[in-house]
Amino acid sequence: MSINSCGFFTIALVSSITGALLLLLAQKLGCSIRQRRTKAKASGEAPSGGSQNQIDGVNEYGRQLTDRQIRKNEHRQFVGGLWDEIGAQQLDFLKRYGLKSDHLLLDVGCGCLRGGIPCIRYLEAGNYFGLDINASLIKAGQIEIEREGLTGKRPNLMVNDKFEFSRFGRTFNYAIALSVFTHLPMNHVIRCLVEIRKALSPGGRFFATFFEAPSSAHLERVTHMPGDIQTNYDSDPYHYSIEECRMMARAAGVQVSLIGEWGHPRGQKMLSFEVGDVPSS
Ligand SMILES: C[S@@+](CC[C@H](N)C(=O)[O-])C[C@H]1O[C@@H](n2cnc3c(N)ncnc32)[C@H](O)[C@@H]1O
């Protein structure tokens, strides 16, 4: 009995010590698992199985191209094709409006550098800054840079889904968003403009293309010429009236003026944004 009792006691003692140790271990493990979850959330990682990209459902640029697709140059079509024509047109436009090679240029929604490549070639080393939401397009852009022998120009590229231009740590003489607002709803455009307000150097200008609607809250589709592109009020591709553009600029605390027609092959018009008073003409 005593042996049994002793034996039971010993077993009970051993099992209770083991239990306590197991409990401690489990608590420790539980704690470290929670800590890892918290860390992942803080760094902006999406929970597994959830949406990876806040642009999903807004436009198609949440889709990541595979390395094979990039090798086949599919990224050029993904950003709209007309690679040489629209690329050269962006640089020509910026030069016409005063871009010099020693200026700092911010390319908003730079994609795989259709306009970026001619601009990097023109600008002094280190003066080109491109931001895009799509990591695979930035990767394709890096391959385009190497192909063109422009690595020595030290372009700065960033993947970011909140237009956080301040992360570059610089302010810019010029910024451009070509075929970007055409894919964004108003709240995203306003976020971009709020960040642009902080990113421009004194006297700096931001140019953005858009599809023009004939009136505000224009719910019907609009067909744009040349190019025969159909745009929508509340789905991609988006159209805006000039009054809606003014409203978005007002909300963001910037001034906007309409440049309008600038020779875009798909009928996109040009806007100019500035911080401070806009010149009367
Ligand atoms: C039609 S492409 C134009 C790319 C480039 N500007 C050009 O002219 O080739 C639209 C680009 O906008 C980017 N984009 C869309 N939504 C964005 C967002 N919220 N933030 C940053 N980039 C975005 C896409 O990933 C894509 O690269």
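Before any of the text, the structure's been laid out above.
All values reported here derive from a predicted model rather than from experimental measurement.

Parameters and conventions
Residues numbered from 1 in each chain as written. Predicted model: local features only at pLDDT ≥ 70, side-chain atom pairs only at ≥ 80, totals over all residues. Helix = DSSP H or I, 4+ residues; strand = E, 2+ residues; numbered from the N terminus. Buried ≥ 20, exposed ≤ 12 C-beta atoms within 10 Å, placed from the backbone. Contact = placed C-beta atoms within 7 Å. Pairing = 2+ DSSP bridges. Core = buried A, V, L, I, M, F, W, Y, C linked by C-beta atoms within 7 Å. Axes fitted to C-alpha atoms, helices over the stretch in contact; angles between N-to-C directions. Parallel < 35°, antiparallel > 145°, perpendicular 65-115°, else oblique. Left-handed = near helix turned anticlockwise from the far one by under 90°. Nonpolar A, V, L, I, M, F, W, Y, C, P; charged D, E, K, R; others polar. Near = placed C-beta within 6 Å.

A.B. asks: Help me understand the overall build of the protein chain in this model?
C.D. replies: Across its full length, the protein chain holds eight helices and ten strands. For the protein chain, the residues scored as buried account for 33% of the 281 residues in total. Taking contacts inside the protein chain between residues at least 6 apart in sequence as the whole, the part at least 24 apart equals 69%.

A.B. asks: Can you help me understand the environment of Ala 177 in this one?
C.D. replies: Tracing the chain through its elements places Ala 177 in strand β4 (residues 172-177). Apart from residues lying up to four places away in sequence, Ala 177 is in contact with Val 108, Gly 109 and Ala 208.

A.B. asks: Got a minute to help me understand the pairing of strand β10 (residues 269-274) in this structure?
C.D. replies: Here strand β5 (residues 200-212) runs beside β10; their pairing, made up of six bridges, is antiparallel. Within β10, the residue paired with Arg 205 across the bridge is Glu 274. Across five bridges, strand β9 (residues 255-260) lies against β10 in antiparallel orientation. Directly across from Val 256, in β10, lies its bridge partner Phe 273.

A.B. asks: Got a minute to help me understand the nonpolar core in this structure?
C.D. replies: Generally speaking, nonpolar side chains in soluble globular proteins are found buried as a group. Leu 105, Phe 172, Ala 175, Ile 196, Ala 208 and Phe 273 are the most contacted members of the largest nonpolar core, which has 60 residues in total. Sorting elements by how many residues they give to this core places β5 first, with six residues.

A.B. asks: Looking at this structure, I do not really get the environment of Asn 160. What am I missing?
C.D. replies: Looking at the element boundaries, Asn 160 is found in the loop between β3 (156-159) and β4. Each C-alpha atom of the pair Asn 160 and Ile 133 lies 5.0 Å from the other, and the pair is 27 residues apart in sequence. Not counting the four nearest positions on each side in its chain, Asn 160 is found in contact with Leu 131, Ile 133 and Arg 167.

A.B. asks: So what exactly am I meant to see when it comes to unusual backbone geometry here?
C.D. replies: A negative phi angle characterises most non-glycine residues, just as the trans form characterises most peptide bonds. Following Met 225, the chain continues to Pro 226 via a peptide bond in cis, the omega torsion being -5°. In this model, Asp 236 is joined to Pro 237 through a cis peptide bond whose omega is -5°. Inspection of the secondary structure puts Pro 237 in the loop between β7 (229-231) and β8 (239-240). With a phi angle near 65°, Asn 73 is a residue other than glycine that sits in the positive phi range. With phi around 55°, Phe 163 is a residue other than glycine that occupies positive phi space. Note that Phe 163 resides in the loop between β3 and β4.

A.B. asks: Help me understand the packing of helix α7 (residues 186-199) against helix α8 (residues 242-252) in this model?
C.D. replies: Each packed pair of helices is defined by two parameters, the angle between the axes and the distance between the axes. The N-to-C vectors of α7 and α8 enclose an angle of 50°; their axes lie 8 Å apart at closest approach. Classified by the interaxial angle, the pair formed by α7 and α8 is oblique. Taken as a pair, α7 and α8 cross one another with a handedness that is right-handed. Of the residues in α8, those in contact with Met 186, Val 189, Ile 190, Leu 193, Val 194 and Arg 197 of α7 are Met 248, Ala 249, Ala 251 and Ala 252. Here the residues of the contact of α7 with α8 are counted per class, giving nine nonpolar, no polar and one charged.

A.B. asks: Please clarify how the site of the ligand should be interpreted in this entry.
C.D. replies: Near the ligand lie 23 residues; those nearest to it are Tyr 61, Gly 109, Gly 111, Arg 114 and Ser 179. By residue class, the composition of the shell around the ligand is eleven nonpolar, nine polar and three charged.

By themselves these figures say nothing about function.
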